[in-house]
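Examining the three-dimensional arrangement
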Amino acid sequence: MDPAEIEFIAEDQNVEIIPKFNHLNLIHLISGDVGPFRAGIPAKVPLWLAINLKQRQKCRLVLPTWMNLETLTEIKEEEKKSRFFIKMPSDHYMEMSHIILDIGADDIPNVDLIRTLIKDIWDLRISKLRSSIDTFVKSGGGHATLNHLTQFEINSIRNILCDVLDTMSSLKDKQCDVDVTLVTSNSQSQ
């Protein structure tokens, strides 16, 4: 899966908006019904619909509860303290925050601080992921378990990890070929 596909999946997550229009009928979508909409009364909609309405200036975005300064600061501190990956409040935290902060920046107080905290959390997690991969590769292990990673995080290291594992595998195969050759040569010389 590439980043665009992961972002597409993330856009199906529900977010809250405050509509600037009235539409008293339900809107029937493949993913479920949305509405009715009343101006000034919060409504939950898929992120893709919130983006569309926001771009047409038909709503204001409401920041998800996990994107407030206090929660992000707690997540950052918990991630710093933990040896393992912590469970993120959203499996699509990076994609959603990127979209929401780009499209709805004018609706969000302290937008720069929120951006910085999300970037700090990302950096911590990617650093921890690289360190885990380094430990795994050096141990020569055959498998590893990493809990609480998001699709986007896995995708960010997938190509590198696959290349490293392929190289390790081919080196092991060559090592076996050398061992077999040495055993065969030694047994023939006797």
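Residues numbered from 1 in each chain as written. Predicted model: local features only at pLDDT ≥ 70, side-chain atom pairs only at ≥ 80, totals over all residues. Heavy atoms only, no water.

With that out of the way, let us pick up the overall build of the protein. For the protein, the helix and strand inventory stands at 6 helices and 5 strands. Starting at the N terminus and ending at the C terminus, the protein contains elements arranged as α-β-β-β-β-α-β-α-α-α-α. The 190 residues of the protein split such that 33% are buried. For the protein, restricting intrachain contacts to residue pairs at least 6 apart in sequence, the fraction spanning at least 24 positions comes to 69%. Here the protein displays about 12000 Å² of accessible surface, and carbon together with sulfur accounts for 54% of that area. (Helix = DSSP H or I, 4+ residues; strand = E, 2+ residues; numbered from the N terminus. Buried < 20%, exposed > 50% of the residue type's maximum accessible area, 1.4 Å probe, protein only. Contact = heavy atoms within 4.5 Å. Areas by Shrake-Rupley, 256 points an atom, 1.4 Å probe, with all protein chains shown as cover.)

Another aspect to go through is the packing of helix H4 (residues 93-103) against helix H5 (residues 111-139). Packing of H4 against H5 leaves a shortest axis separation of 11 Å and a crossing angle of 160°. When the axes of H4 and H5 are compared, the pair comes out roughly antiparallel. Along this stretch, H4 crosses H5, giving a crossing that reads as left-handed. Seen from H4, the contacting residues are Tyr-93, Met-94, Ser-97, Leu-101 and Asp-102; seen from H5, they are Val-111, Ile-114, Arg-115, Ile-118, Ile-121, Trp-122 and Arg-125. A per-class count over the contact of H4 with H5 returns 8 nonpolar, 1 polar and 3 charged. (Axes fitted to C-alpha atoms, helices over the stretch in contact; angles between N-to-C directions. Parallel < 35°, antiparallel > 145°, perpendicular 65-115°, else oblique. Left-handed = near helix turned anticlockwise from the far one by under 90°. Nonpolar A, V, L, I, M, F, W, Y, C, P; charged D, E, K, R; others polar.)

Time to look at the packing of aromatic side chains. Counting across every chain of the model gives 2 aromatic pairs. Ring geometry for Trp-122 and Phe-152: centres 5.6 Å apart, planes at 50°, overall tilted. Taken together, the residues Trp-122 in helix H5 and Phe-152 in helix H6 (residues 151-189) connect sequence positions 30 residues apart. Accessibility expressed as a relative area gives 21% for Phe-152, which makes it partly exposed. Positioned over the ring face of Phe-85 is Lys-128, at 5.7 Å from the centre of the ring. (Phe/Tyr/Trp six-rings, centres within 6.5 Å; stacked < 30°, edge-to-face > 60°. Lys NZ or Arg CZ within 6 Å of the ring centre and 35° of its normal.)

Another point: H5. Between its terminal C-alpha atoms H5 stretches 42 Å, which fits the 42 Å expected from 29 residues at 1.5 Å a residue. Within H5 the residues assigned to the buried category are Val-111, Ile-114, Leu-117, Ile-118, Ile-121, Trp-122, Arg-125, Ile-126, Lys-128, Leu-129, Ile-133 and Phe-136. Directly beyond the C-terminal end of H5, a positive phi value near 70° is found at Gly-140. (Expected span 1.5 Å × (residues − 1).)

With that out of the way, let us pick up unusual backbone geometry. With an omega of -5°, the peptide bond between Gly-35 and Pro-36 qualifies as cis. Relative to the assigned elements, Pro-36 resides in the loop between strand E3 (32-34) and strand E4 (43-46). Even without being glycine, Asn-110 reaches a positive phi, approximately 60°. Relative to the helices and strands, Asn-110 resides in the loop between H4 and H5. Residue classification places Asn-110 among the partly exposed positions, given a relative accessible area of 43%. With a phi close to 70°, His-148 is a non-glycine residue in the positive phi region. Residue His-148 is classed as partly exposed on the basis of its relative accessible area, which comes to 40%.

Any functional reading would require information beyond the geometric quantities listed.
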